[in-house]
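Residues per chain, in single letters:
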Amino acid sequence: MTLLLMAAGSGSRYGKLKQFDQLGPNGEFLMEFAIYDALKNGFKQIVVITKAENVSFLNDYLKKRLPENITLNVLAQELTDLPEGVTFNGERKKPWGTAHAVWTARDVINGPFVVINADDFYGQSAYENAATFMSSSLNDSAYALLGYTLKDTLSEHGSVSRGVCKVKGEDLISVQERIKLVQKGEIIKDEDTGLEFTGDEQASMNFWVCRPSIFDKIESEFRLFLKDENRIANSELYLPFTIQEMLQDGEIEVKCIPAGGEWFGVTYASDKEKAVKSLQDKTEKGQYISPLWN
C-alpha cells in the first residue's frame, strides 16, 4: 500500500509554504504525522509530489527519518511532464492541477494507493479504515473516499471550499464543490450559491483511495485538456472531477467511508495556533511519540 502526498501548493492564503511549516512538538511538518499514521497501518511506500526546487530538500529530510524498509519517492510536478507525443509551447505559471500531480507518480506506483493533501491532518482512524478497504477490495475498479462531517471541517477565520457529498448507502453518488461555506447560527451557508446545509453531510477533504487504473484516465483527460486553449489558460485538471467522471461512466465504484476521526487544516495563518495545540495535545495523550522519529 502506498501513501501519495500532494505538496506542490503555494500557500497563497496561508502566507508561505505551509507544507514545510513546523507545527509538531519537535518542529515536525504536518505531513510527517500523516506518514507516521500510514506506516502504523501497514503502508510500505511514501510518494511525495512537490515543486522541483523542493525535491532535494524533502528527499533528504524524509530519508533521515523514515525506516529503511520504507520506499520513498519524492517527485517534481512539472509543466513539461506531458503525454507522449504532446507538446506545449505556451506560457503558464501554476501547475496543471491535482490530477496531474497524481499522474506524476504513474511510473512508481503499481498497486492501491491513498491520495491526500500534505497540509491536512486526517486522523489515525482514516488510515486504518483505508488500509482495511484496500486489503478487502482487490478489484481495480474499487475506489473510496474517506468522508468527514461537514460541520467539523470549517474554519473560524473565514469561508472555506468543500466538496459536499451525495451518498446512497455506502456508495458515493457525487461530490459538489461549494466554494464559500460559512457557519451561520445553526446552519452552514454557501455564500456563493445561497444553498444551506445542516452540517451533518459528508464532506470530501481529498482523502481518496485509488488504483493504478486512474493513470490512463488522467492521461486521456490531459490530452483533451491540452487541445482546449481556454482550459490551458485558466483551468486545472482536478482529481475529484476525474474520479467523478470515471464513476459516472461506470468505470469504477466509489465507497464513501466515514473517516471516523478528526480533520483539521491550515488554510489561513490564523489556523496555525489551533493546529499546533492539537498536535501537542495528541502527543501528550500518547497518540504520537515525541520525537516522532527515532
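Presented here is a report on the structure given in the accompanying data block. (Residues numbered from 1 in each chain as written. Predicted model: local features only at pLDDT ≥ 70, side-chain atom pairs only at ≥ 80, totals over all residues. Heavy atoms only, no water.)

A few words on the overall build of the protein chain. When helices and strands are counted, the protein chain shows 8 helices and 13 strands. For the protein chain, the C-alpha radius of gyration of 19 Å lies close to 19 Å, the compact-globule estimate for 294 residues. Counting only C-alpha atoms, the protein chain reaches 55 × 50 × 40 Å along its principal axes. Put simply, the protein chain has 294 residues, and 52% of those count as buried. Summed over its atoms, the accessible surface of the protein chain is roughly 14,000 Å², and 45% of this surface lies on carbon and sulfur atoms. Side chains of the protein chain carry 32 positive and 43 negative charges; the gap between the two charge centres is 2 Å. (Helix = DSSP H or I, 4+ residues; strand = E, 2+ residues; numbered from the N terminus. Rg over C-alpha atoms; globule rule 2.2 N^0.38 Å. Buried < 20%, exposed > 50% of the residue type's maximum accessible area, 1.4 Å probe, protein only. Areas by Shrake-Rupley, 256 points an atom, 1.4 Å probe, with all protein chains shown as cover. Lys, Arg positive; Asp, Glu negative; His and termini not counted. Charge placed at Lys NZ, Arg CZ, Asp CG, Glu CD.)

Close approach of charged atoms allows side chains with opposite charge to pair. What the rule picks out here adds up to 13 salt bridges. Between D81 and R106 there is a salt bridge, with its nearest N and O atoms 2.8 Å apart. On the criterion of sequence distance, the pair formed by D81 in the loop between β3 (71-76) and α3 (98-103) and R106 in the loop between α3 and β4 (113-117) is long-range, its members being 25 residues apart. You can call R106 partly exposed: its relative accessible area is 24%. Across the pair D249 and K217 runs a salt bridge, and its minimum N-O distance is 3.7 Å. Residue D249 is located in the loop between α7 (239-248) and β12 (253-258), and its partner K217 is located in helix α5 (residues 213-225); the two are separated by 32 residues in the primary sequence. Look at D249 and you get partly exposed, because its relative accessible area is 47%. Salt bridges sharing common partners tie together K217, E245, D249 and E251. (Salt bridge = Lys/Arg side-chain N within 4 Å of Asp/Glu carboxyl O.)

Here V175 lies in strand β8 (residues 171-184). Judged by its relative accessible area of 9%, V175 falls in the buried class. Along the primary structure V175 and A203 are separated by 28 residues, whereas in three dimensions their C-alpha atoms are 8.1 Å apart. Apart from the residues lying within four places of it in its own chain, the contact partners of V175 are L145, G163, V164, C165, S204, W208 and Q244. (Contact = heavy atoms within 4.5 Å.)

Between α5 and α7, the least distance of the axes is 10 Å, while the angle of their chain directions is 105°. Put simply, α5 runs roughly perpendicular to α7. Contacts between α5 and α7 involve S213, I214, K217, I218 and E221 from the former and L239, T242, I243, E245 and M246 from the latter. In terms of residue class, the contact of α5 with α7 is built from 5 nonpolar, 2 polar and 3 charged. (Axes fitted to C-alpha atoms, helices over the stretch in contact; angles between N-to-C directions. Parallel < 35°, antiparallel > 145°, perpendicular 65-115°, else oblique. Nonpolar A, V, L, I, M, F, W, Y, C, P; charged D, E, K, R; others polar.)

Attention now moves to the nonpolar core. Nonpolar side chains tend toward joint burial in soluble globular proteins. Counting residues in each nonpolar core, the largest one holds 60 residues, and the members touching the most others are L3, L5, I46 and F207. For this core, the leading source of residues is helix α1 (residues 30-40), giving 8 residues. With sequence-adjacent residues up to four places away left out, F207 is seen in contact with V114, V115, I116, Y122, A126, Y127, A130, A144, L145, L146 and Y148. Listed in part, the 37 residues of the second largest apolar core include A101, I109, L172 and F225. (Core = buried A, V, L, I, M, F, W, Y, C linked by side-chain atoms within 4.5 Å.)

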